[in-house]
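A closer look at the structure
The chain contents come next:
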Amino acid sequence: VQLQASGGGLVQAGDSLRLSCAASEGTFSTYIMAWFRQAPGKEREFVAAIRWIGGSAYYKDSIKGRFTISRDRAKSTVYLQMNSLKPEDTAVYSCAAGSGLIYSDLGRSGRYDYWGQGTQVTVSS
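So, here's what we can say about the structure. Computed from a predicted model, the values in this text were never measured in an experiment. (Residues numbered from 1 in each chain as written. Predicted model: local features only at pLDDT ≥ 70, side-chain atom pairs only at ≥ 80, totals over all residues. Heavy atoms only, no water.)

**Section: the pairing of strand β9 (residues 91-99)**
With seven of nine residues buried, β9 is to be regarded as a mostly interior element. Pairing of strand β4 (residues 31-38) with β9 involves eight bridges; the strand directions are antiparallel. Considered in β9, the bridge of Tyr31 is made with Ser99. Pairing analysis gives three bridges linking β9 to strand β11 (residues 119-124), with the strands arranged antiparallel. By the bridge assignment, Val92 is partnered in β11 with Gln120. Pairing of β9 with strand β10 (residues 114-115), which is carried by two bridges, proceeds in the antiparallel orientation. (Buried < 20%, exposed > 50% of the residue type's maximum accessible area, 1.4 Å probe, protein only. Helix = DSSP H or I, 4+ residues; strand = E, 2+ residues; numbered from the N terminus. Pairing = 2+ DSSP bridges.)

This is the structure:
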């Protein structure tokens, strides 16, 4: 499985961005797809995840209501719609895929099997 993230950029506070993560191959019936982010000088943190089958979504508490994760099974693509962006959302955003994860695994980056390259999101105040 290869993951290709895109959609980052430089925006102003309050703006929106949609990130995309396209998967090149593989079957995803048991997979969870997730977005993580890493700001300069900080550890990588979980943002959101979605079950490929069923579409159940999970979010970091601080971004609930502003970010929405979704997937298009036909396009093998996962999206992260980010609204009302804040300067503290500035980070490199990476997508990941993992199989057999349980709820308590979602925020653990080490549990994911595949990673895409990051895409930079910069939010100016």
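**Here we look at the nonpolar core**
Grouped together as the largest cluster of nonpolar side chains are 28 residues, with contacts concentrated most on Trp35, Val47, Phe67, Val78, Leu80, Met82 and Tyr93. Elements with a minimum of two residues in this core: β1 (3-6), β3 (17-23), β4, β5 (45-51), β7 (67-72), β8 (77-82), β9 and β11. Once residues lying within four places of it in the same chain are set aside, the contact partners of Val78 are Leu19, Ser20, Cys21, Met33, Trp35, Ile50, Trp52, Ile69, Ser70 and Arg71. With 10 residues, the next largest nonpolar core counts Ala34, Phe46, Tyr58 and Leu101 among its residues. (Core = buried A, V, L, I, M, F, W, Y, C linked by side-chain atoms within 4.5 Å. Contact = heavy atoms within 4.5 Å.)

**Re the state of the cysteines**
Under the criterion given, the structure shown has one disulfide. A sulfur-sulfur separation of 2.2 Å characterises the disulfide bridge that pairs Cys21 with Cys95. Of note, the bridge from Cys21 to Cys95 carries an S-S torsion of about 70 degrees and is right-handed in sense. Note that Cys21 is positioned in strand β3 and Cys95 in strand β9, a separation of 74 residues in sequence. With respect to burial, Cys21 and Cys95 carry one shared label: buried. (Disulfide = S-S within 2.5 Å.)

**Considering unusual backbone geometry**
With a phi close to 50 degrees, Ser76 is a non-glycine residue in the positive phi region. Looking at the element boundaries, Ser76 is found in the loop between β7 and β8. A positive phi angle, close to 50 degrees, is found at Ser84, a residue other than glycine. Relative to the elements of secondary structure, Ser84 occurs in the loop between β8 and β9. On the basis of relative accessibility, which here comes to 39%, the residue Ser84 falls in the partly exposed class.

**Re the packing of aromatic side chains**
One pass over the full model with this rule turns up six aromatic pairs. Ring centres 5.2 Å apart and planes at 55 degrees place the aromatic pair Phe36 and Trp115 in the tilted group. Taken as a pair, Phe36 in strand β4 and Trp115 in strand β10 lie far apart in primary sequence, 79 residues in all. What links up through ring pairs into an aromatic cluster is the set Phe36, Phe46, Tyr112 and Trp115. Directly above the aromatic system of Tyr79 lies the positively charged group of Arg18, at a separation of 4.2 Å from the ring centroid. The ring of Trp115 has Arg44 lying over it, and the distance from NZ or CZ to the ring centre is 4.0 Å. (Phe/Tyr/Trp six-rings, centres within 6.5 Å; stacked < 30°, edge-to-face > 60°. Lys NZ or Arg CZ within 6 Å of the ring centre and 35° of its normal.)

Functional significance is not addressed by these values, which are geometric in nature.
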